[in-house]
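Working through the structure, step by step
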Amino acid sequence: MFGYYLDLALRSLRRNKVLTTLMVLALALGIGACITTLTVLKLLSGDPIPQKSAQLFYPQLDPYPANQPFSRSGKRLPFLMSYVDAMNLIHAHKAERQAAMAMSQVKLMPPSGEGKPFYAQGVLATADFFPMFDAPFQYGSGWTAADDDSRAQVVVIAGYLNDKLFGGANSVGKMIRIEDHDFRIIGVLRAWAPQPRFYALHLGGRSYGKGDAVFLPLQGARADGLMPSAMMGYGKSIDVDHLESAEAIWLGLWVQLPNAAAVSTYRSFLGNYAREQVSLGRFRKSHTALSGLMEWMRSEHVVPEDVRLQAGLAFGFLLICVVNTVGLLLAKCLRRSREIGVRRALGASRGAIFAQFMVEAGIVGLAGGVLGLCFAELGLLGIRHQPAQYASLAHLDLSMFLFTFVVALVASLVAGLLPAWRACVVAPAPQLKDA
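Going along each chain's sequence as written, the residues are numbered from 1 onward. Reporting in this predicted model follows two pLDDT cut-offs: at least 70 for local features of residues, and 80 or more for side-chain atom pairs to be given and counted; totals over whole chains, interfaces and linings ignore these cut-offs and use all residues. Excluded from the side-chain calculation are hydrogens and water; included are all heavy atoms of the structure.

1. Some remarks on the packing of helix α2 (residues 17-45) against helix α12 (residues 350-384)
Closest axis-to-axis distance for the α2/α12 pair is 6 Å, and the angle between their directions is 45°. By the angle class used here, α2 and α12 are oblique. Our pair here, α2 against α12, has a crossing hand that is right-handed. Judged by residue contacts, M23, V24, L25, L27, A28, L29, I31, G32, I35, T36, T39 and V40 of α2 engage V364, G365, A367, G368, G369, L371, G372, F375, A376, G379, L380 and I383 from α12. Residues are grouped as follows: nonpolar covers Ala, Val, Leu, Ile, Met, Phe, Trp, Tyr, Cys and Pro; charged covers Asp, Glu, Lys and Arg; every other residue, Gly included, is treated as polar. Among the residues making up the contact of α2 with α12, the classes are represented as 16 nonpolar, eight polar and no charged. Axis definition: a line fitted to C-alpha atoms, limited for helices to the stretch in contact. Angles are taken between N-to-C directions and run from 0 to 180 degrees. Starting at the N terminus, helices and strands are each numbered in turn, a helix being any DSSP run of H or I of at least four residues and a strand any DSSP run of E of at least two. Roughly parallel refers to an angle under 35 degrees, roughly antiparallel to one over 145, roughly perpendicular to one between 65 and 115, and oblique to any angle outside these ranges. Here a crossing is called left-handed whenever its near helix is offset anticlockwise from the far helix by less than a right angle, and right-handed whenever the offset is clockwise. Two residues qualify as a contact provided that any one of their heavy atoms is within 4.5 Å of a heavy atom in the partner residue.

Have a look at this one:
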């Protein structure tokens, strides 16, 4: 019977081409707007490291004086950490893995000496950075904790930088000049750029894009004078020449905790550490926080409120388009009252009439979905030309492609419910009498 209903629906849609076009266009505009905004929302709010996010936590301490709180309300904790506190927590080894990091804009010199130097984003981090964040290596590996302590002049570079400087060949063992210092390459990453770049939050790095270019041991990079991109002082002034001992916060610290028991234990340890610093006179407050990765991203409003608002407005627009489609389908149904009456008189049940009109609505939805994909691609093309960090990443993936047709079918079937119900309750006798 489905084939028969399909044939009837196609005949009906071809008979009223203008009305059919208006219905398809109305749905397509709403679907295109929804898919465009949902694609951007998914990009901005997605889990950057789904296989590990439940195990990653961001500890916070508050070294600020009581008369000079970090925030006006005094309730928000500093989002960075001092070098002393970060190293104390790392050396306590209370987490399965822990890594402190800062971002730095560094100058790179092509190894051949030819060409102009250029600037790239660098990460200054401790050894656990790579295994904790599951960074994949194409060649070589990361450095060790011993390299951290010995201030080794080694570096891990991104795959795209390796392609640019060494033509994609294995560059492990070669030298690269960074800020007038030579570093030995010990590893080359595969394509790796978590979106958003959660570890760069508040450190001065970009949240979206193709990823950071170079990764250096924190202590070795600092010994060579590399400066963090973000720092804030909680004392009278920041002694940039002795940043490790200065009253300043400039490091982000992430820890890996495998289960709820480990989280509880670390939270207790963090509170005890803060109270110990209060007793030593370094801190005035013992406030602490330990946020999971997704909780941390939500609290720091990684997804701009205007993006959520745009998604809500797009769904409101889709609702208006569905209401317009209901009106057009209803008008089409009323014009076919005689046809419906004849079919009922010939023995068609109400269920058969209802199914016929729902199939017709479904066809309109599929056509609207195809056209809506075109509108969505145009919308995403416009976004890719905007000066936003995430602009170049605004593309439809397979899940959003399939979701487009789910939205189209659901919207069209919802729109078809009232017209289909109205059609199946048409009384055949008056229609035959009028004929």
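2. Remarks on the packing of aromatic side chains
Remark: the centre distance and the inter-plane angle together describe each pair of aromatic rings, the angle taken between the planes. To pair, rings of Phe, Tyr and Trp, with the six-membered ring standing in for Trp, must have centres within 6.5 Å; the planes then decide the type, stacked if under 30 degrees apart, edge-to-face if over 60, and tilted in the middle. Enumeration over the complete set of coordinates arrives at 22 aromatic pairs. Ring centres of W192 and F215 lie 6.4 Å apart, and the angle between their planes is 50°; this geometry places the pair in the tilted category. Taken together, the residues span a long stretch of sequence, with W192 in the loop between β7 (181-189) and β8 (214-217) and F215 in strand β8 at a distance of 23 residues. Grouping residues by exposure puts W192 and F215 together as buried. Aromatic rings pair up to connect Y58, F129, F130, F133, F137, W143, W192, F198, Y199, F215, W254 and W296 into one cluster. For a Lys NZ or an Arg CZ to count as sitting over a ring, it must be within 6 Å of the ring centre and within 35 degrees of the ring normal. Taking NZ or CZ as reference, K164 lies 3.8 Å from the ring centre of F118, over its face. Only protein chains enter the accessibility calculation, which uses a 1.4 Å probe; a residue is then buried when its area is under 20% of its type maximum, exposed when over 50%, and partly exposed in between.

3. Digging into helix α8 (residues 260-280)
To estimate how far a helix should extend, the number of its residues minus one is multiplied by 1.5 Å. With 21 residues, α8 should cover 30 Å at 1.5 Å per step; its first-to-last C-alpha distance of 30 Å lies within 8% of that length. Among all positions in α8, only V263, Y266, F269, L270, G271, Y273, A274 and Q277 are buried. Buried-residue contacts for α8 involve β1 (56-60), α3 (83-92), β11 (252-256) and β12 (289-292). We call two N or O atoms a polar contact when they sit within 3.5 Å, provided that within protein one can donate a hydrogen and the other can accept it, with sequence-adjacent residues counted only if both atoms are side-chain atoms. For α8, the N-terminal cap is N259; the gap from its side-chain oxygen to the backbone nitrogen of A261 is 3.3 Å. Backbone geometry just downstream of α8 places G281 in the positive-phi region, at approximately 90°.

4. Structural notes on the pairing of β1
Counted residue by residue, β1 has five buried out of five residues, so it is predominantly covered. Neither face of β1 is left uncovered, since the one carrying L56, Y58 and Q60 and the one carrying F57 and P59 both have all their residues buried. Pairing analysis gives two bridges linking β1 to β11, with the strands arranged antiparallel. When the bridges of β11 are listed, L56 appears paired with Q256. In this structure, β1 lies alongside β12, joined through four bridges in antiparallel fashion. The residue of β12 that forms the bridge with Y58 is S291. The rule for pairing is simple: two strands pair if DSSP sees at least two bridges between them.

Keep in mind that these numbers describe shape and distance, not what the molecule does.
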